[in-house]
Amino acid sequence: MSRPVPNPGILDIAPYTPGKAPTPEPGRKVFKLSANETPFGPSPKAIAAYKAAADHLEDYPEGSSRVLREAIGRVYGLDPDRIICGAGSDEILNLLAHTYLAPGDEAISTTHGFLVYPIATMANGAKNVIAAETNFTADVDAILKVVTPRTKLVWLANPNNPTGTYLPFDEVKRLRASLPPHVLLVLDAAYADYVSRNDYEFGIELVATSDNTVVTHTFSKIHGLAALRIGWMFGPAHIIDACNRIRGPFNVSTPAMLAAVAAIEDSAHAQMSKTHTEQWRNWLTEEIGKLGLKVTPSVANFVLIHFPTDKGKTAEEADPYLTRRGLVLRALKNYKLPHALRMTVGTEEANRLVVEGLRDFLAGK
C-alpha cells in the first residue's frame with residue numbers, strides 16, 4: 001500500500017528530546033533544574049500584562065509584533081524595522097534555515113552545539129557539518145577549517161548550551177571577517193543576559209555593521225517567559241525582509257507579546273536574577289569542585305558537571321540518584337556528553353541540596 005513519503009533526510013534527523021519529567025521519591029519536594037528556567041519566574045509586571053490580554057482573546061494579534069519590536073528597539077537602541085519576532089528563538093532559527101539552506105548546501109555547528117541547529121539544517125535538505133570544540137568551547141579555526149564552497153550558514157551559540165562557555169567578541173569578529181561574504185553567521189545569544197565578562201559582546205554591534213550576520217535572543221531565560229514561546233532577531237534589512245515573507249502572519253500571540261514588552265522594560269527584575277545567578281554559579285562551581293568533580297567554567301545560568309567513569313560514580317548513576325531526591329538535572333547523551341550532567345542554577349535551597357546530594361552519592365550513601 002502506498003502512502004506519503006517524507007522528503008529525503010527527514011527520517012535521518014534525531015528528534016529534539018527535552019529534559020525528563022521528574023519522578024522523585026514520594027513526599028519529596030521537586031526542584032526542576034534540567035531546563036535552564038529561572039527560579040524566580042517572570043516579572044510581576046509581565047504576569048499582569050498577560051492577564052490583562054485575556055479580555056480580548058477573540059482578536060487576532062497585530063501581525064508584525066510592532067509594540068514588542070518597538071520596545072526591544074528602545075531598550076537596545078535598535079531600528080524596530082530590523083527586528084523580527086517569533087514563537088521562541090527556535091522558530092526564527094528555523095526561518096533562517098528555510099530561507100537560506102537548500103539540498104546540497106552545508107551549515108556548520110560545533111560539537112556540543114544546540115540540538116535545534118542540525119534539526120533545522122537537515123529539515124531543509126542541507127548537510128550538518130560539525131566543527132570540533134576546544135575545552136568544550138567553540139574554536140574559530142576549527143570552524144574555518146570545515147568551510148567549503150557549499151557552506152551557506154554557521155550556527156554559533158554564544159554563550160553555548162549545554163557547556164556554558166563563550167567566545168570573546170574579538171574571536172567572533174575574527175570569525176566573521178574570515179568567512180566568505182555569502183555565508184550567514186547566526187549568533188544565538190539566548191544566555192547573553194547572564195554574562196558579565198569584559199571581553200563579551202551580545203553581537204549587536206557586529207550585526208549593525210555587516211550585511212551577513214544576525215543575532216537571535218529569547219524571552220525564555222532571564223525573563224522567565226518560556227511557556228509563552230517568544231523570541232526575536234536583529235539583522236540586516238534584507239534578511240528581515242526575506243524571513244518575513246515566509247513567517248506566519250500571526251506567529252506571536254498577543255498575551256506573549258504584551259508580557260514580553262513588560263518583561264524587557266522591568267530591568268530591575270532581570271538584574272536581580274542575574275546577580276543571584278552569578279553568586280550561586282560561582283558557589284556551585286567551587287563547592288562541586290571540592291567534591292572532586294570537574295565543572296566547566298560557565299557564564300550562563302547553568303553548570304556542566306563531569307563525572308568519572310568508575311562504577312558507582314558515573315553520571316548515568318548520579319542522574320536517577322539525584323532524581324529520587326527530587327533534584328532533576330539534565331542528562332546529556334544526546335549532546336555527546338554521556339559522562340556529564342547539566343544543572344540549572346536554582347534557588348539557594350536547591351543549590352545546597354544538589355551539593356549535599358552529590359556528596360552523598362560519591363560517598364556511596
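Fair warning: this is a prediction, and the values are worked out from it, not measured in the lab. (Residues numbered from 1 in each chain as written. Predicted model: local features only at pLDDT ≥ 70, side-chain atom pairs only at ≥ 80, totals over all residues. Heavy atoms only, no water.)

The next point concerns the overall build of the protein chain. Across its full length, the protein chain carries 12 helices and 15 strands. Against the 2.2 N^0.38 benchmark of 21 Å for 365 residues, the protein chain shows a C-alpha radius of gyration of 21 Å, consistent with a compact globule. Taking the principal axes of the C-alpha coordinates as reference, the protein chain spans close to 60 × 60 × 50 Å. Scored against the burial criterion, the 365 residues of the protein chain give a buried share of 53%. Split by element, the accessible area of the protein chain, about 16300 Å² in all, is 55% carbon and sulfur. Here the protein chain contributes 38 positively and 39 negatively charged side chains, and the mean placements of these two sets differ by 5 Å. (Helix = DSSP H or I, 4+ residues; strand = E, 2+ residues; numbered from the N terminus. Rg over C-alpha atoms; globule rule 2.2 N^0.38 Å. Buried < 20%, exposed > 50% of the residue type's maximum accessible area, 1.4 Å probe, protein only. Areas by Shrake-Rupley, 256 points an atom, 1.4 Å probe, with all protein chains shown as cover. Lys, Arg positive; Asp, Glu negative; His and termini not counted. Charge placed at Lys NZ, Arg CZ, Asp CG, Glu CD.)

On to the domain arrangement of the protein chain, then. For the protein chain, the assigned domains are domain 1 (18-41 + 268-363) and domain 2 (44-266). Computed from C-alpha atoms alone, the centre-to-centre distance between domain 1 and domain 2 is 26 Å. With 27 residues of domain 1 at the interface, the matching set in domain 2 holds 27 residues. In total, domain 1 and domain 2 occlude about 2300 Å² of area from one another, counting both sides; carbon and sulfur atoms represent 60% of this. Per-residue buried area on domain 1 facing domain 2 is highest for Lys-274, Val-299 and Tyr-335; these three make up 29% of the total on that side. Inspection of the region where domain 1 meets domain 2 yields zero salt bridges. Run the count over domain 1 and domain 2 and you get 10 residue pairs in polar contact (both at pLDDT 80 or more). Taken together, the elements giving at least two residues each to the side of domain 1 that touches domain 2 come down to α10 (267-290), β12 (302-306) and β15 (337-344). For the side of domain 1 that touches domain 2, the leading source of residues is α10, giving eight residues. (Domains from an automatic or database assignment. Contact = heavy atoms within 4.5 Å. Buried area = accessible area lost by both parts, 1.4 Å probe. Salt bridge = Lys/Arg side-chain N within 4 Å of Asp/Glu carboxyl O. Polar contact = N/O pair within 3.5 Å; in protein donor to acceptor, adjacent residues only side chain to side chain.)

Before going further, it helps to spend a moment on the sheet that holds β12. In space, the four strands of this open sheet follow the order β11-β12-β15-β14, with antiparallel pairing throughout. Two strands lie at the open edges of the sheet, namely β11 (294-296) and β14 (330-332), each paired on one side alone. Strand-to-strand twist across the sheet, computed as the mean angle between neighbouring axes with direction ignored, equals 35°. Sheet analysis places β14 next to β15, joined by three bridges and oriented antiparallel. Considered in β15, the bridge of Arg-330 is made with Arg-342. Packing against the sheet, helix α11 (residues 315-324) makes contact with β14 and β15, and its axis sits at approximately 35° to β15. (Pairing = 2+ DSSP bridges. Axes fitted to C-alpha atoms, helices over the stretch in contact; angles between N-to-C directions.)

So, about the layout of surface pockets. Computed from the structure, the largest pocket encloses a volume of approximately 580 Å³. Forming the walls of the largest pocket are 28 residues, and the residues nearest its centre are Tyr-16, Ala-35, Asp-90, Phe-114 and Lys-221. Among the secondary structure elements, those contributing two or more residues to the lining of the largest pocket are α3 (88-100) and α4 (116-123). At three residues, α3 tops the list of elements feeding residues into the lining of the largest pocket. Per-class residue counts for the lining of the largest pocket are 12 nonpolar, eight polar and eight charged. The residues that make up the lining of the largest pocket include at least three from each of domain 1 (18-41 + 268-363) and domain 2 (44-266). (1 Å grid on protein atoms, 1.4 Å probe; cavity = no way out; pocket = protein on both sides within 12 Å on 5 of 7 lines; lining within 4 Å. Points joined across faces, edges and corners; volume = space filled by probe spheres on them. Nonpolar A, V, L, I, M, F, W, Y, C, P; charged D, E, K, R; others polar.)

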